[in-house]
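# Overview (structure and organization)
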Amino acid sequence: MPATAVLGVQWGDEGKGRATDYFSETADYVVRYQGGNNAGHTIIVGDQRLALSLIPSGVLYPQVVPVIASGMVIDPKVLLAEIDMLTNKGIDTSRLRISSNAHLIMPYHRKLDAMMERYLGRSQIGTTKKGIGPAYTDKYARHGIRVQDLFDPKIFRKKLEVALEEKNKILTRIYNQLPMDPGPIADEYLAYAERLLPLVSDTSLLLWEAIRDGKEVIFEGAQGTLLDIDHGTYPFVTSSSPTAGGVLTGVGIGPKDVHRVVGIAKAYISRVGTGPFPTELDDEVGDRMVEIGGEFGTVTGRRRRCGWLDLVALRYSVRINGLTDLFLTKLDVLSHFDTLKVGLAYTSAGERHDEFPRQQRVLYDCAPVYQEFAGWGTDITGVRHYRELPDEARTYIEFVESRIGVPIRWISVGPERQQLVEKA
Ligand code: GDP
Ligand code: IMO
Ligand code: MG
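What follows is about the overall build of the protein. A tally of helices and strands in the protein yields twelve helices and 20 strands. For the protein, whose C-alpha radius of gyration is 22 Å, the value lies close to the compact-globule estimate of 22 Å for 424 residues. The proportion of buried residues among the 424 residues of the protein is 56%. Taking all contacts inside the protein whose residues are at least 6 apart in sequence as the whole, residues at least 24 apart take part in 76%. On the protein, roughly 17,800 Å² of surface is accessible, and the fraction owed to carbon and sulfur atoms is 50%. For the protein, the distance from the average site of its 50 positive side-chain charges to the average site of its 54 negative ones is 4 Å.

A few words now on the environment of Ser-94. Summarising the element assignment, Ser-94 is placed in the loop between helix H2 (76–88) and strand E7 (97–99). Spatially, the C-alpha atoms of Ser-94 and Val-65 are 8.9 Å apart, while their sequence positions differ by 29 residues. Among the polar contacts made by the side chain of Ser-94, one reaches the side chain of Asp-92 at a distance of 2.8 Å.

Turning our eyes to something else, we now look at the site of ligand 1. Not every one of the 19 residues close to ligand 1 is listed here, only the nearest: Lys-16, Gly-17, Thr-42, Asp-332 and Ser-412. At a separation of 2.8 Å, an oxygen atom of ligand 1 approaches a polar backbone atom of Gly-40. Measuring from an oxygen atom of ligand 1, one finds a side-chain N or O atom of Thr-298 at 3.0 Å. Protein coverage of the free-state accessible area of ligand 1, which is 580 Å², stands at 93%. Taken together, the elements giving at least two residues each to the shell around ligand 1 come down to helix H1 (16–24) and strand E3 (41–45). Looking at side-chain class alone, the shell around ligand 1 contains four nonpolar, eight polar and seven charged residues.

Once that is clear, we can look at the coordination of the magnesium ion (ligand 3). Protein ligation of the magnesium ion (ligand 3) involves Asp-13 (OD) and Gly-40 (O), the donor distances falling in the range 2.0 to 2.2 Å. Taken together, the residues span a long stretch of sequence, with Asp-13 in the loop between strand E1 (3–8) and H1 and Gly-40 in the loop between strand E2 (29–32) and E3 at a distance of 27 residues. Overall, Asp-13 belongs to the partly exposed group, its relative accessible area being 21%. Note on Gly-40: relative accessible area 13%, which makes it buried.

This next bit is on the sheet that holds strand E11 (residues 260–266). On the basis of which strands lie adjacent, the open sheet formed by ten strands has the order E9-E7-E5-E2-E10-E1-E11-E15-E19-E20 and mixed pairing. Here the strands that pair on one side only, and so sit at the sheet edges, are strand E9 (200–201) and strand E20 (420–422). Sheet topology note: the E2/strand E10 (residues 217–220) ladder contains four bridges and is parallel. Considered in E10, the bridge of Val-30 is made with Ile-218.

What follows covers H1. Within H1, eight of the nine residues are buried, leaving the element largely enclosed by the surrounding structure. Along H1, the positions that sit buried rather than exposed are Lys-16, Gly-17, Arg-18, Ala-19, Thr-20, Asp-21, Phe-23 and Ser-24.

Turning next to the site of ligand 2. If you check the shell around ligand 2, you find 20 residues, and the closest are Asp-13, Lys-16, His-41, Thr-128 and Thr-238. Within the backbone of Asp-13, a nitrogen or oxygen atom sits 2.8 Å from an oxygen atom of ligand 2. Within the contact set of ligand 2, an oxygen atom lies 2.7 Å away from a side-chain nitrogen or oxygen of Lys-16. Protein chains bury 98% of the 550 Å² of accessible surface belonging to ligand 2 in isolation. Residue composition of the shell around ligand 2, by class: seven nonpolar, ten polar and three charged. When residues of the shell around ligand 2 are assigned to domains, at least three fall in each of domain 1 (3–93 + 202–422) and domain 2 (103–197).

With that out of the way, let us pick up the nonpolar core. Counting residues in hydrophobic clusters, the biggest one holds 60 residues, and the most contacted among them are Phe-219, Leu-326, Leu-331, Leu-334 and Tyr-396. Considering every element that reaches this core, the biggest residue donor is helix H12 (residues 391–404), with six residues. Among the nonpolar cores identified, the runner-up in size contains 41 residues, and Leu-79, Leu-86, Leu-164 and Met-180 belong to it.

For the protein, the assigned domains read domain 1 (3–93 + 202–422) and domain 2 (103–197). On a C-alpha basis, the centres of domain 1 and domain 2 stand 29 Å from each other. Contacts between domain 1 and domain 2 engage 28 residues on the former and 22 residues on the latter. Summing both sides of the interface, domain 1 and domain 2 together bury roughly 2,000 Å²; the carbon and sulfur share of this comes to 60%. Considering only the side of domain 1, the residues that lose the most area to domain 2 are Val-73, Pro-76 and Leu-80, jointly responsible for 28% of the buried surface there. Applying the counting criterion to the domain 1 and domain 2 interface returns two salt bridges.

Moving on, we come to the packing of helix H3 (residues 107–120) against helix H5 (residues 153–174). Following both chains from N to C, one finds H3 and H5 inclined at 20°, their axes separated by 11 Å at the closest point. Put simply, H3 runs roughly parallel to H5. Judged by the sense of rotation from one axis to the other, the crossing of H3 with H5 is left-handed. Along its contact with H3, which presents Tyr-108, Lys-111 and Leu-112, the element H5 presents Leu-160, Ala-163, Leu-164, Lys-167, Ile-170 and Leu-171. For the contact of H3 with H5, the per-class residue count stands at seven nonpolar, no polar and two charged.

Rules used throughout
Residues numbered from 1 in each chain as written. Chains lettered and ligands numbered in written order. Predicted model: local features only at pLDDT ≥ 70, side-chain atom pairs only at ≥ 80, totals over all residues. Heavy atoms only, no water. Helix = DSSP H or I, 4+ residues; strand = E, 2+ residues; numbered from the N terminus. Rg over C-alpha atoms; globule rule 2.2 N^0.38 Å. Buried < 20%, exposed > 50% of the residue type's maximum accessible area, 1.4 Å probe, protein only. Contact = heavy atoms within 4.5 Å. Areas by Shrake-Rupley, 256 points an atom, 1.4 Å probe, with all protein chains shown as cover. Lys, Arg positive; Asp, Glu negative; His and termini not counted. Charge placed at Lys NZ, Arg CZ, Asp CG, Glu CD. Polar contact = N/O pair within 3.5 Å; in protein donor to acceptor, adjacent residues only side chain to side chain. Near = heavy atom within 4 Å. Nonpolar A, V, L, I, M, F, W, Y, C, P; charged D, E, K, R; others polar. Donors = N, O, S within 2.8 Å, 3.2 Å for Na, K, Ca; no water. Pairing = 2+ DSSP bridges. Domains from an automatic or database assignment. Core = buried A, V, L, I, M, F, W, Y, C linked by side-chain atoms within 4.5 Å. Buried area = accessible area lost by both parts, 1.4 Å probe. Salt bridge = Lys/Arg side-chain N within 4 Å of Asp/Glu carboxyl O. Axes fitted to C-alpha atoms, helices over the stretch in contact; angles between N-to-C directions. Parallel < 35°, antiparallel > 145°, perpendicular 65-115°, else oblique. Left-handed = near helix turned anticlockwise from the far one by under 90°.

Here you go:
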């Protein structure tokens, strides 16, 4: 299949890293199209555990060209540290290509992210404080600084000075912080530039040519559909478009060049940060899910909120992304529960909602309508063939499949590369 989008359909951390790693085995290019180092994508191969934040999860395969496309926001210090981390592990990163149009995360973006969150107090979003929101805000306000600005130190210094004139007023007058000095920031960034510039290219052209030539290209989403700036649970979202539409704008290709859209979903659901979450388990069942699923953030170490699979949300994500297939992860975590529940719809004030309510306020009052399933109670982490899964597990999977209208083609039963079941 020439070009496949692999993206999250919940609130992130669905297992996109491990799924992308799976699709990368035969791929020529693996591309991140949005987000930045708010992402934490884990890949486990044998006793090696990798957590990637900026570099696409295909980097482990020697034939893959990893690409950071223009829709991303890049913190160059973090990117270089990630390159060094991989190099130290013996992984070659020399094939990495970075879009000249991608925006840079600057030190004031990180500072403003933290300050804005503090200012919001109890209404805070619970961001990763990596500067993502402020960097995208500057992009859309047309005040952003791009990778290509690093090519010309004079232009870079000028843009930084202009940006800091405004940012320093905000930092000092609104947030009561010390102003930032452009000189040391420019020196720091221009030093990073020396290492980054050889990797910079026209990634839109590169990928258009790759698709034209029938190469296999994987677009790896970060975050998830319910964190999308347009289609997520706004304002408790990220500042980019993790959905399938984001592939097109984030890479610079047309819709006919994406041939398959694979959604990644956990067999339950989790969320880090604040915002509505109808099937959240605020009890000991939820605590067990966190414990058994190891549900702590890859980036911030925060405890993830957990709950039962939500089919309202899943069907929504199938629609928003035009999913062709689903990849279900962490089914093994459900082996530890006697009874499983799946959210079919919501009720609020006596009204049933089979779709997300039009007004988000209503979502806070929604109680899920559950269907119960018997658990299987046996270890499935060694299963590699669909027919070997317990009957109860197959019933669960086939029920979900029947309700969402797209095939579940892959089921992962453990975090390691080999712990995967392909369903015909
Ligand atoms: P991503 O952000 O979508 O790439 O997901 P993360 O890497 O942040 O979180 C997923 C976590 O679940 C990681 O720790 C993975 O190693 C782990 N994981 C992925 N698939 C499975 C699975 O099938 N079973 C179990 N038990 N863990 C898994
Ligand atoms: P991966 O790619 C889970 C959440 C944050 C917060 C909101 C906004 O690993 O799935 P931001 O820093 O982006 O402005 O934070 O989005 N968030 C994630 N949650 N997985 C992620 O990435 C996330 N990236 C951001 O917790 O609620
Ligand atoms: Mg993650």
